[in-house]
Amino acid sequence: MLFGDEHVRRYEETDGEVGHDWQEGVPTLVLTTKGRKTGQERKFALIYQEVDGNPVIVASKGGASSHPGWYFNLVEHPEVGVQVKADKFKARARTTSGEERTKLWEKLAAVWPDYNEYAKKTDREIPVVVLERL
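- Labelled according to an unreviewed UniProt entry, the protein appears under the name Nitroreductase family deazaflavin-dependent oxidoreductase, originating from Amycolatopsis balhimycina DSM 5908.

Laid out in structure tokens, this is it:
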């Protein structure tokens, strides 16, 4: 199973042939953010689901008490790069709330049930983010 930088590298080298299907039924994409402190490009392989033509991701960080660094990056710089298999595009990241968040959370938790366990481990509301194609 691929993780971290190795996951991103293999995904990019093979246009997602290696790495898109992280586990059976668990697809991943590559998210490229601009570092909020360094301004440098940062890449992350993340579980996603497509909803209405846009990928949706969850900023879970395994239920840690703080959001993952990539989430802070996209809040500061919402225009991001996305790769889904060979499809590479720019997107604007938008954090959901209310009923929309609840519906999207359910879709993502159906693919990765651990999200529900992560939510129990933290007091923060775990962000659900739509990556709207530009």
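**Let's talk about the packing of aromatic side chains**
- Taken as a whole and judged by the stated rule, the model has six aromatic pairs.
- An angle of 50 degrees between the planes, with centres 5.9 Å apart, marks the rings of Trp105 and Tyr115 as tilted. Here Trp105 is found in helix α3 (residues 98-111), whereas its partner Tyr115 is found in helix α4 (residues 114-121), with ten residues between them in sequence. Here Trp105 matches Tyr115 in class, with each residue buried.
- Pairwise contacts between aromatic rings join Phe3, Trp22 and Trp112 into one cluster.
- Arg133 extends its terminal NZ or CZ atom over the ring of Phe89, reaching a point 3.7 Å from the ring centre.

**Here we look at the pairing of strand β7 (residues 87-95)**
- The pairing of strand β6 (residues 79-84) with β7 spans six bridges and is classified as antiparallel. Residue Glu79 lies in a different strand from β7, and its bridge partner there is Arg92.
- Hairpin connection between β6 and β7: a loop of two residues separates the two successive antiparallel strands, and Lys85 in this loop has a positive phi of roughly 55 degrees.
- Relative to strand β8 (residues 128-133), β7 runs antiparallel, the two sharing five bridges.

**Considerations on the pairing of strand β3 (residues 41-47)**
- As defined by bridge partners, strand β2 (residues 26-34) adjoins β3 across seven bridges and the pair is classed as antiparallel. Among the inter-strand pairings, Leu29 is bridged to a residue of β3, identified as Leu46.
- Connecting β2 to the antiparallel partner β3 that follows it, the hairpin turn spans six residues, and Gly39 within it adopts a positive phi of roughly 75 degrees.

**As for unusual backbone geometry**
- Here the phi dihedral of Asp52 falls at roughly 55 degrees; this positive angle occurs in a residue that is not glycine.
- If you trace the backbone, Asp52 turns up in the loop between β4 (49-51) and β5 (54-58).
- Using a relative accessible area of 75% as the deciding quantity, one classes Asp52 as exposed.

**Focus: the pattern of salt bridges**
- Summed over the entire model, instances satisfying the criterion amount to twelve salt bridges.
- Its salt-bridge partner being Arg9, residue Glu6 comes within 2.7 Å of it at the nearest N-O pair. Taken together, the positions of Glu6 and Arg9, both in helix α1 (residues 4-13) and three residues apart, correspond to about one turn of that helix.
- Residue class for Arg9 comes out partly exposed when judged on its relative accessible area of 36%.
- Between Glu100 and Arg94 there is a salt bridge; the shortest N-O distance is 2.9 Å.

**Some points on α3**
- The end-to-end C-alpha separation of α3 is 21 Å, in line with the 20 Å expected for 14 residues at 1.5 Å each.
- Among the residues of α3, those classed as buried are Arg101, Leu104, Trp105, Leu108, Ala109 and Val111. Each buried residue of α3 lies within a common arc of 140 degrees when the element is viewed along its axis, so the set occupies one face. Seen from the open side of α3, the exposed residues pointing more than 90 degrees away from its buried face are Glu99, Lys103, Glu106 and Ala110.
- Elements in contact with the buried residues of α3: β2, β3, β4, β5, α4 and β8.

Cut-off values and rules
Residues numbered from 1 in each chain as written. Predicted model: local features only at pLDDT ≥ 70, side-chain atom pairs only at ≥ 80, totals over all residues. Heavy atoms only, no water. Phe/Tyr/Trp six-rings, centres within 6.5 Å; stacked < 30°, edge-to-face > 60°. Helix = DSSP H or I, 4+ residues; strand = E, 2+ residues; numbered from the N terminus. Buried < 20%, exposed > 50% of the residue type's maximum accessible area, 1.4 Å probe, protein only. Lys NZ or Arg CZ within 6 Å of the ring centre and 35° of its normal. Pairing = 2+ DSSP bridges. Salt bridge = Lys/Arg side-chain N within 4 Å of Asp/Glu carboxyl O. Expected span 1.5 Å × (residues − 1). Arc of directions from axis to C-beta. Contact = heavy atoms within 4.5 Å.

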